[in-house]
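Residue strings, one per chain:
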Amino acid sequence: MRLIDSHRLSGPNIYTSRPIAVARLELDGLTGQETSDCPGFTGRLTGALPGLAGHHCAAGRPGGFLDALARGTYFGHVTEHVALELSALAGREVHFGRTVWAGAEGRYDVIMECPRDEPASSGVPRDLLTLAIWVVTETLAERPAPFGDALEGIARAVAAARPGVSTAALAAAARQRGIPVRRTGALSLLRLGYGCHRRLLWAALTEQTSAVGVDIASDKVLAKEVLATAGVPVPAGVVARSAADAAAALGGLRPPLVIKPRNGNHGANVTVGVTTPDQASQAYERASTSGAEVVVEEYIPGLDYRVLVVDGHVVAAARLHPASVTGDGHQDIGALVRQANSDPRRGEGHALPLTRITLDDHALNHLAEQGLHPGSVPGPGQVVTLRRNANLSTGGTSTDMTDLVHPEVAAMCCRAAAAAALDVCGIDVRLADIAVPPGQQAGAVIELNACPGLRMHLQPSAGRPRDVAGAIVDRLYPPGAPSRIPIVSVTGTNGKTTTVRMISHILGQAGLRVGMATTDGVYCGGQLIHAADASGPRSAEMVLDDSTVEAAVLETARGGIVRRGLGYDRADVAVVTNITADHLGSDGIDDLDDLTDVKALVAEEIVRGGTVVLNADDPRSAGLAQRAAVRDRNPVIRFFSLSPSSPVVMAHRMTGGIACLLRDNQLIEARGGEETALLHTDELPGSFGGAAAHLLANALAAAAACRALGVSVKDIRRGFATFTPAESNPGRGNVYQVGAIPLVVDYGHNPAALASMGRLLHEAWGGQPVAAITLPGDRRDDLVAESAATVATWFSRVVVYEDRDLRGRAAGEMTRLISGALARHRPDIRILPADGPEDALRRALALASPADPVLLTYEELGPMRELLDGLGARPWTAGPWTAGPWTAGPAQPPA
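The structure presented is a predicted model; accordingly, all values stated were derived computationally and were not measured.

### A closer look at the overall build of the chain
Now for step 1: Of regular secondary structure, the chain possesses 30 helices and 39 strands.
Now for step 2: Dimensions of the chain along its principal axes, counting C-alpha atoms only, are 105 × 75 × 55 Å.
Now for step 3: Sorting the 895 residues of the chain into buried and exposed places 55% on the buried side.
Now for step 4: A separation threshold of at least 6 residues defines the contact pool for the chain, and within that pool the share at least 24 residues apart is 68%.
Now for step 5: With the model as given, the accessible surface of the chain reaches about 35400 Å², and the carbon-plus-sulfur share is 52%.
Now for step 6: On the chain, the mean spot of the 82 positive side-chain charges and the mean spot of the 95 negative ones are 2 Å from each other.

Given below as structure tokens:
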């Protein structure tokens, strides 16, 4: 059994709305074998991994997987469950898994859920599956499979990539409020919301945090000066630039002293209780590792408190306790530390609620001051502190004190945060009692923290947990504030790009700054910001992360859905233009049922009560209205149709439904029995008064989507009237004139698209149209032949050329395949091979007369535009384009 490859789908996908990893396995020698064929295997496997007994599998109950093992199941399925169990043992709790046939005997795809905020680049899923394959293989061979060391390495990787407690709490608080969350790699940087409502968080540091405030808080000397100026009590102190300065400070300050780095954090290199020059010199050496200037200040007696101020209000307070152990009369201090570190809440750094205790030099010195060492055995109940400073990052603990904070203490803390202009501020205070007014006790503000840890408030060792993460998120998104922008997602076989461009253009005309992702790039506010085939999830994320965008219109293609999932969590409007044969045989999509399942995801992943726009003239698109996962979203269905007598539309209207349809050359919105005229076909550039049926269908879909977003009829009419093909819809049905010959340039590359172009040329011009075509080489031979047959139906003269990107084909292979299919379908057809698009176009123009329009299909728009400029092509300005209403009836393919 071999792992061939794996990839991650971060967004909603055809299996689940959660992130997944997909791994392809080849069973090789295990092909056709099942667990029931291997006596003793189940017992050995469950002996090594007893947790498998609790797996549900398809039975939906604990023990379901054991039943499958007993009945007999294939080893790809076994590997899935072993990987899930190993994942749980590594501290990575995920539950969803599935194994599906991958198109060949013995080949399977294993789908395994991933933690929501696990970095997309993480190698953990692949490592787990690799280990699972080894465990299964060794168990089958009746050899020991000691996986402990490998699993420990995976567990370390899981812990290292897991967001810290504060970051995880902030992400959870945002999601509880319905706010989209994306984590950046393995960092603590969170991107919340979409578009103009996007906000950034780096742990507790918000995008609204003052950079000046951060600089003030990070400079302990400057912070004390700012606080003192504001009337906030601070310890007396000086700056030492040498060990001699630190020792000399004992003469001017009242010992004991605290010596610490000027720009430090997490209590690192802080020495408390300095009383002698030697101690001062040694403390200076420790503190100066990060800079020559260190802070020497008087020790403030009292207890350590951390007060969290958010947006000018105290939201939590905790008493901090230094790391300590409690004796039992039997174990020494070293053993007690090991026992404390066995607490599952303790881990390295800030990954868990508590940090592991280390017996470093600071701890050993502190023990020595108490006359103790790691081998000392404390008496029963004796508390032994291991440090003088109370930091969670050095193993300390916390007790919630929020309800006990005196109002005057709260006011002092709020004043301190305001003095440094910090929206989120952790204030370290030393007081005898936080419940007593500051004026009645000694005390001071010790430090300010611009990016405070939240662990002591979220999960205190004692007392009530506080939702401080929620308070920070509410600072960015006050109750009722939006976090999302309108999202329109468009999918389908044909018409996606034009429909996306139409919707974007209309929304722009309505006054919105629109982000658009489509096959020729990502646009924001009408400006191209990223040139690429941008119809996948990464392009969608690019749009949604743009803080200037007020509405997003996303072309959502099959390939991106299958390989990476969606680039958003849910859309407000989903549009499915049509579902016809294309890309079959790729990415596990073998037939139209498979393709429908993929496209349906766009209709399924909408907000509850959102809108789904469907093509009533296309059975598969229209059929999505009855799909269970679509109906579960309680959607508003809007159909569109070129036929006012469409049975689907008529039935929909009978129930009060909404549809956009074509009647008497008018685009109409129908709501039950009421109708509103949106546009006359003469007002839509490029429609040829109605001859371009495919363009009218796209316009109806776009109108339905825009009306769902509340766009007025006036703005829709104005948007369509200014949607000129060459400027607003380049490369899609654009009409040029080369000499006296009309030239139609289109991206069509499948039977439905090519039939639309053939129909248009016959209806708009008549004559004997000529085609110069190329077809993508990554299509199955039968689909290429079907497309070629469609061309032969409409064209008696065809020039064939090959794309620059052969997509895995040999040179000349596509020309032979296309030419053969053309000739089989139409024996009298004239076929000319050409060397590239320029040669193809020149040959096609030479075949045509002024009465014969030419169709040119292309691979890349940029080179095609350069070719047209070189030939002196200009936009078509005569004939049907500018004539009155075009009334030709539906054209039939020539005899």
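Read on for the rest.
### Quick look at the sheet that holds strand β8 (residues 205–206)
Now for step 1: On the basis of which strands lie adjacent, the open sheet formed by four strands has the order β5-β6-β7-β8 and antiparallel pairing. Every interior strand has two partners, whereas the edge strands, β5 (181–183) and β8, have only one.
Now for step 2: Here strand β7 (residues 199–202) pairs with β8 via two bridges, running antiparallel. Note that in β8 the partner of L201 across the bridge is T206.

### Re the side chain of T16
Now for step 1: In this fold, T16 is placed in the loop between β1 (2–9) and β2 (20–26).
Now for step 2: Of the polar contacts made by the side chain of T16, one reaches the backbone nitrogen of R18; its length is 3.3 Å.

### Re the pairing of strand β35 (residues 770–773)
Now for step 1: Taking every second residue as pointing to the same face, both faces of β35 are buried, with V770 and A772 on one and A771 and I773 on the other.
Now for step 2: Across four bridges, the pairing between β35 and strand β36 (residues 797–800) is parallel. Counterpart to I773 in the pairing with β36 is V800.
Now for step 3: Regarding the hand of the β-α-β motif, the stretch spanning β35, helix α27 (residues 781–794) and β36 is right-handed.
Now for step 4: Bridge count between β35 and strand β38 (residues 854–857): three bridges; the pairing is parallel.

### Let's talk about the packing of helix α6 (residues 165–176) against helix α15 (residues 468–476)
Any two packed helices are characterised by how steeply their axes cross, that is the angle between the axes, and by the distance between the axes.
Now for step 1: At their nearest, the axes of α6 and α15 sit 8 Å apart, and the two run at 60° to each other. Viewed along their axes, α6 and α15 adopt a mutual orientation that is oblique. Pair α6 / α15 crosses with right-handed handedness. Of the residues in α15, those touching α6 at A169, L170, A173 and A174 are A469, G470, I472 and V473.
Now for step 2: Broken down by class, the residue content of the contact of α6 with α15 amounts to seven nonpolar, one polar and no charged.

### Things to note about unusual backbone geometry
Now for step 1: Residue P255 is joined to P256 through a cis peptide bond whose omega torsion reads 5°.
Now for step 2: Along the chain, P256 turns up in the loop between α9 (243–248) and β10 (257–261).
Now for step 3: In this structure, E142 is a non-glycine residue whose phi angle is positive, near 60°.
Now for step 4: When you line up the elements, E142 lands in the loop between α4 (124–140) and α5 (148–161).
Now for step 5: Even without being a glycine, N665 presents a positive backbone phi close to 60°.
Now for step 6: Relative to the assigned elements, N665 resides in the loop between β30 (658–663) and β31 (666–671).

### Some thoughts on the packing of aromatic side chains
Now for step 1: Considering all chains together, one arrives at five aromatic pairs under this definition.
Now for step 2: Ring geometry for Y747 against Y858: centres 5.5 Å apart, planes inclined by 55°, an arrangement best described as tilted. Here the residue Y747 occupies a position in the loop between β34 (741–746) and α26 (751–764), and Y858 occupies one in the loop between β38 and α30 (861–870), the gap between them amounting to 111 residues.
Now for step 3: A residue is classified by how much of its surface remains accessible, and Y858, at 5% relative accessible area, is buried.
Now for step 4: Among the aromatic residues, those joined into a ring-pair cluster are F688, W765 and W876.
Now for step 5: Here the basic side chain of R388 rests over the ring of Y299, its NZ or CZ set 5.4 Å away from the ring centre.

### Structural notes on the pairing of strand β37 (residues 830–833)
Now for step 1: Bridge analysis of β36 against β37 gives four bridges, and the strand direction is parallel. Bridge assignment links V798 to a residue of β37, and that residue is I831.
Now for step 2: Crossover connection from β36 via helix α28 (residues 813–825) to parallel β37: handedness right-handed.

### Overview of helix α11 (residues 333–341)
Now for step 1: Within α11, burial applies to I333, G334, A335, L336, V337 and N341.
Now for step 2: Residue D332 occupies the N-cap position of α11, its side-chain oxygen lying 3.2 Å from the main-chain nitrogen of G334.

### Structural notes on the environment of G480
Now for step 1: When you line up the elements, G480 lands in the loop between α15 and β22 (487–491).
Now for step 2: A C-alpha to C-alpha distance of 48 Å links G480 and L49, two positions 431 residues apart in sequence.

### So, the pattern of salt bridges
Now for step 1: Throughout the structure, instances matching the rule amount to 55 salt bridges.
Now for step 2: Within the structure, one salt-bridge network assembled from shared partners comprises K220, K224, K260, E297 and E447.

### Some details on the packing of helix α2 (residues 64–71) against helix α3 (residues 75–89)
Now for step 1: For the pair α2 and α3, interaxial distance at closest approach is 11 Å and the crossing angle is 155°. It follows from the interaxial angle that α2 and α3 lie roughly antiparallel. Crossing of α2 against α3: the hand is left-handed. From α2, F65, A68 and L69 reach across to α3, where they touch H77, V78 and H81.
Now for step 2: For the contact of α2 with α3, the per-class residue count stands at four nonpolar, two polar and no charged.

### A short note on helix α22 (residues 647–654)
Now for step 1: Considered for burial, the residues of α22 that qualify are V649, H652 and R653. Projected down its long axis, α22 shows its buried positions confined to an angular sector of 95°, all on one face. Turned more than 90 degrees from where α22 packs its buried face, P647 and M654 sit exposed.
Now for step 2: Of the surrounding secondary structure, the elements contacted by the buried residues of α22 are β29 (636–641), β30, β31 and β32 (674–680).
Now for step 3: One or two steps after α22, the chain reaches G656, where phi turns positive at roughly 85°.

### What to know about the environment of V409
Now for step 1: Turning to its location among the elements, V409 is positioned in helix α13 (residues 407–419).
Now for step 2: Residue classification places V409 among the buried residues on the basis of a relative accessible area of 0%.
Now for step 3: Each C-alpha atom of the pair V409 and L431 lies 9.6 Å from the other, and the pair is 22 residues apart in sequence.
Now for step 4: What V409 contacts, discounting residues up to four positions off in sequence, is L431, I434, V436 and P438.

### As for the confidence of the model for the chain
Now for step 1: Residues with a pLDDT of 70 or more make up 98% of the chain, whose mean pLDDT is 93.
Now for step 2: Under a pLDDT of 50 for its full length, residues 880–891 has, in the predicted model, 25 contacts with residues more than four places off or in other chains.

### Examining the environment of D400
Now for step 1: Mapped onto the elements of the fold, D400 is located in strand β19 (residues 397–400).
Now for step 2: Note: C-alpha distance between D400 and L458 (58 residues apart in sequence) is 9.4 Å.
Now for step 3: Of the polar contacts made by the side chain of D400, one reaches the side chain of T402; its length is 2.7 Å.
Now for step 4: Within the structure, the side chain of D400 is placed 3.0 Å from the side chain of R466, a separation counted as a polar contact.

Thresholds, definitions, all that
Residues numbered from 1 in each chain as written. Predicted model: local features only at pLDDT ≥ 70, side-chain atom pairs only at ≥ 80, totals over all residues. Heavy atoms only, no water. Helix = DSSP H or I, 4+ residues; strand = E, 2+ residues; numbered from the N terminus. Buried < 20%, exposed > 50% of the residue type's maximum accessible area, 1.4 Å probe, protein only. Contact = heavy atoms within 4.5 Å. Areas by Shrake-Rupley, 256 points an atom, 1.4 Å probe, with all protein chains shown as cover. Lys, Arg positive; Asp, Glu negative; His and termini not counted. Charge placed at Lys NZ, Arg CZ, Asp CG, Glu CD. Pairing = 2+ DSSP bridges. Polar contact = N/O pair within 3.5 Å; in protein donor to acceptor, adjacent residues only side chain to side chain. Right-handed = clockwise from strand over helix to strand, strands pointing away. Axes fitted to C-alpha atoms, helices over the stretch in contact; angles between N-to-C directions. Parallel < 35°, antiparallel > 145°, perpendicular 65-115°, else oblique. Left-handed = near helix turned anticlockwise from the far one by under 90°. Nonpolar A, V, L, I, M, F, W, Y, C, P; charged D, E, K, R; others polar. Phe/Tyr/Trp six-rings, centres within 6.5 Å; stacked < 30°, edge-to-face > 60°. Lys NZ or Arg CZ within 6 Å of the ring centre and 35° of its normal. Salt bridge = Lys/Arg side-chain N within 4 Å of Asp/Glu carboxyl O. Arc of directions from axis to C-beta. pLDDT = per-residue confidence, 0-100.

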